Amino acid sequence: MIKLIASDLDGTLLQDDGSISEDTVRIIKIAEQQGIRFMVATGRSYNSAKQAIERAGLHVPILCMNGANLYDHNNKLLIDTPFDKSMAKEIIEAVDTNKIYLEMYTNNGLYAPKKDQFVEMLLTILREKFVGYTDEQIKAHINQRFQEETFTFTDDFISVLDDPTVTPYKLLAFSFDKGDLNALRQTFANRDDLYVTSSGFDNVEFNHKEATKGHALLAYAKTLGITPDEIMAIGDNENDLPMLTNVKYGVAMDNASDLIKAHVNYTTASNNQHGVKQAIEQALTINATVTP
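Residues numbered from 1 in each chain as written. Predicted model: local features only at pLDDT ≥ 70, side-chain atom pairs only at ≥ 80, totals over all residues. Heavy atoms only, no water.

Observations concerning the overall build of the protein chain
Convention followed: Only runs of H or I of at least four residues qualify as helices and only runs of E of at least two qualify as strands under DSSP, and these elements are numbered from the N terminus. Radius of gyration means the value over C-alpha atoms here, while the globule rule gives 2.2 Å times the residue count to the 0.38 power. We call two residues in contact when some of their heavy atoms are within 4.5 Å. Each accessible area is a Shrake-Rupley result for a 1.4 Å probe, and residues are judged covered by the shown protein chains and nothing else. For the charge count, each Lys or Arg is scored as positive and each Asp or Glu as negative, with His and the chain ends excluded. By convention, charge coordinates are those of NZ in Lys, CZ in Arg, CG in Asp, or CD in Glu.
For the protein chain, the count of helices and strands is 11 helices and 14 strands. Its C-alpha atoms give the protein chain a radius of gyration of 19 Å, within 12% of the compact-globule value 19 Å for 292 residues. Dimensions of the protein chain, computed from C-alpha atoms along their principal axes, come out at roughly 60 × 40 × 35 Å. Within the protein chain, contacts between residues at least 6 apart in sequence are counted, and of these 62% link residues at least 24 apart. For the protein chain, the exposed area adds up to about 13300 Å²; of that, 46% sits on carbon and sulfur atoms. Across the protein chain, the 27 positively charged side chains and the 41 negatively charged ones have centroids separated by 4 Å.

What follows is the structure, encoded as C-alpha cells:
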C-alpha cells in the first residue's frame, strides 16, 4: 500500500508556465483524504517552493535544496544538512566566473553575481528550453524568480562565507556551454564527501553528501513509520534519482531523459499533460487492490 507520495516540482508537478493544474490539485486532495501523504521534493529554496505550491492552494511538507532542508506542512524545519564551508570555498575557487554563472543557497537566501549577468545568462539558456517564446516572455519567466527568491548580489562569495551568520546549503552553476559544465563536474566527480548532481541540461549542483532527495525522503518517512515499499516518488531529472531508485514506486515523467527512465519501473505523462495526476490515480488504484 502506498502511504506517501513525493513529487519533484520543475518539469514534474509544475507545468511549463509554473502552475499546477487544477486537475492535479484535485487528485492530490483526494489522495490526502484517502490517507496518502503528499509532499514536494525540489532543488529550489524553501521560499520559492512554498510560493509555487501555495499559489495552487496546497499546504504540504517541502523537501528543498535537494534534501539539505525539509519542512513539515506547519513550516517546522525537520532536516538541516548544511554544506561544509571549506568545501564550498574549494568549489567556488574552481569556477571560472567568466564562463559559468554561480549561485549560492544559504540560510540568508541566495547570493549571486550582478543581476544583469544573471538575466543574460538565463536568457541564453532558456531560449533553448522555451522554443517559440519571445525574449520578453522568457524575461518575464526570469523575473518571476526574483519575486520568489531573496537575492543578494555580490562579487565575492568567499567573503560571504567568512561571515559566521551565513550557512551555505547548495552551490548551483549555470552555463550554456555543456563543455564548461562537464569540466567543472569532472573536477569533483570522484569525491565521496560531496553530492554532485544536476536538475537540467544547463546546470551542475553541489551539496553535502547526505543532502539528497533520497536521503531526506527516507529519513522523513522513517519518522512517520513509513517504509520505502510504501512510497511513490515522481521526477524528471538527475537530482531525482536518489529518491526514484530508493523507493518501490519510482515514476519518471514522459519528459524525463532516457537516463532517468532507465532507472525506474514506472512512467507517466509529461508535466504539461497531467503526469503527476495520472501517477497519483495509479497509486489510488494500487491501494484499492490491497486487501485490508
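Remarks on helix H3 (residues 85-94)
Using the following cut-off: Buried, partly exposed and exposed residues are distinguished by accessible area as a fraction of the type maximum, computed with a 1.4 Å probe on protein chains only: under 20%, between the cut-offs, and over 50%, respectively. This arc is taken over the directions from the axis of the helix to the C-beta atoms.
Along H3, the residues that are buried comprise Met87, Ala88, Ile91 and Ile92. Projected down its long axis, H3 carries its buried residues within an arc of 135 degrees, all on one side. Along H3, exposed side chains directed more than 90 degrees from the buried face belong to Ser86 and Glu93. Among the structural elements, strand E6 (101-106), helix H6 (157-161), strand E9 (168-174), strand E10 (194-197) and strand E11 (203-208) are those in contact with the buried residues of H3.

So, empty space enclosed by the protein
Our working definition: Whether a set of points on the 1 Å grid over the protein atoms alone is a cavity depends on a 1.4 Å probe fitting there but being unable to get out, while an open set qualifies as a pocket with protein on both sides within 12 Å along at least five of seven lines; lining residues are those with an atom within 4 Å of a point. Grid points are joined across faces, edges and corners, and a volume is the space filled by probe spheres set on the points. The nonpolar class holds Ala, Val, Leu, Ile, Met, Phe, Trp, Tyr, Cys and Pro. Asp, Glu, Lys and Arg form the charged class, and all remaining residues, Gly among them, are polar.
Overall, the coordinates contain 1 cavity of 30 Å³ or more when judged by the stated rule. A volume near 40 Å³ is recorded for the largest cavity. Element by element, the count of residues in the lining of the largest cavity is highest for helix H11 (residues 275-288), at 3 residues. For the lining of the largest cavity, the residue count by class is 2 nonpolar, 7 polar and 1 charged.

Re the pattern of salt bridges
For clarity, the cut-off: Salt bridges, as used here, are contacts in which a Lys or Arg side-chain nitrogen is within 4 Å of a carboxyl oxygen on Asp or Glu.
Summed over all chains, the structure comprises 12 salt bridges. A salt bridge links Asp193 to Arg191; the nearest nitrogen and oxygen atoms lie 3.2 Å apart. Classification of Arg191 by relative accessible area gives partly exposed; the value is 29%.

Details of the packing of aromatic side chains
Under the convention used in this document: Two rings from Phe, Tyr or Trp (for Trp, the six-membered ring) form a pair when their centres sit within 6.5 Å of each other. Planes less than 30 degrees apart are called stacked, planes more than 60 degrees apart edge-to-face, and all others tilted.
Under the definition given, this model contains 5 aromatic pairs. Taking the centre distance of 5.7 Å and the plane angle of 10 degrees together, the rings of Phe151 and Phe153 count as stacked. For the ring pair Phe188 and Phe206, a centre distance of 5.7 Å and an interplane angle of 75 degrees mean the geometry is edge-to-face. Placement of Phe188 in the loop between helix H7 (178-187) and E10 and of Phe206 in strand E11 is noted, with a sequence separation of 18 residues between them. Per residue, the accessibility class of Phe188 equals that of Phe206, and both read buried.

Examining the layout of surface pockets
Roughly 240 Å³ of internal volume is contained in the second largest pocket. Lining the second largest pocket are 16 residues, with Tyr46, Asn47, Thr106, Asn107 and Gly109 sitting closest to its centre. Partitioning the lining of the second largest pocket into residue classes produces 6 nonpolar, 8 polar and 2 charged.

Focus: the sheet that holds strand E8 (residues 151-153)
So the rule is basically this: Two strands are counted as paired when DSSP detects at least two bridges linking them. For helices, the fitted axis covers only the stretch in contact; all axes are lines through C-alpha atoms, and the angles between them, taken along N-to-C directions, range from 0 to 180 degrees.
What the 6 strands build is an open sheet, ordered E8-E7-E6-E9-E11-E10; its pairing is mixed. Here the strands that pair on one side only, and so sit at the sheet edges, are E8 and E10. Between one strand axis and the next, the sheet turns by 20 degrees as a mean value, whatever way the strands run. Where strand E7 (residues 109-112) lies against E8, 3 bridges are found, and the strand directions are parallel. Note on E8: the bridge partner recorded for Tyr111 is Thr152. Relative to the sheet, H3 contacts E6, E9, E10 and E11, its axis offset from that of E9 by approximately 10 degrees.

Observations concerning the side chain of Asp202
The cut-off we apply is this: Within 3.5 Å is the distance limit for a polar contact, defined as a pair of N or O atoms, with the added protein rule that one can donate a hydrogen and the other accept it, and that residues adjacent in sequence qualify only through two side-chain atoms.
Here Asp202 lies in the loop between E10 and E11. A residue is classified by how much of its surface remains accessible, and Asp202, at 9% relative accessible area, is buried. For Asp202, the side chain forms a polar contact with the side chain of Asn203, separated by 2.9 Å.

Some details on unusual backbone geometry
Non-glycine residue Asn75 carries a positive phi angle of around 70 degrees. Counting through the fold element by element, Asn75 comes out in the loop between strand E4 (69-71) and strand E5 (77-80). Notably, His274 is not glycine yet its phi reads approximately 60 degrees, a positive angle. With respect to the helices and strands, the residue His274 is situated in the loop between strand E14 (266-267) and H11.

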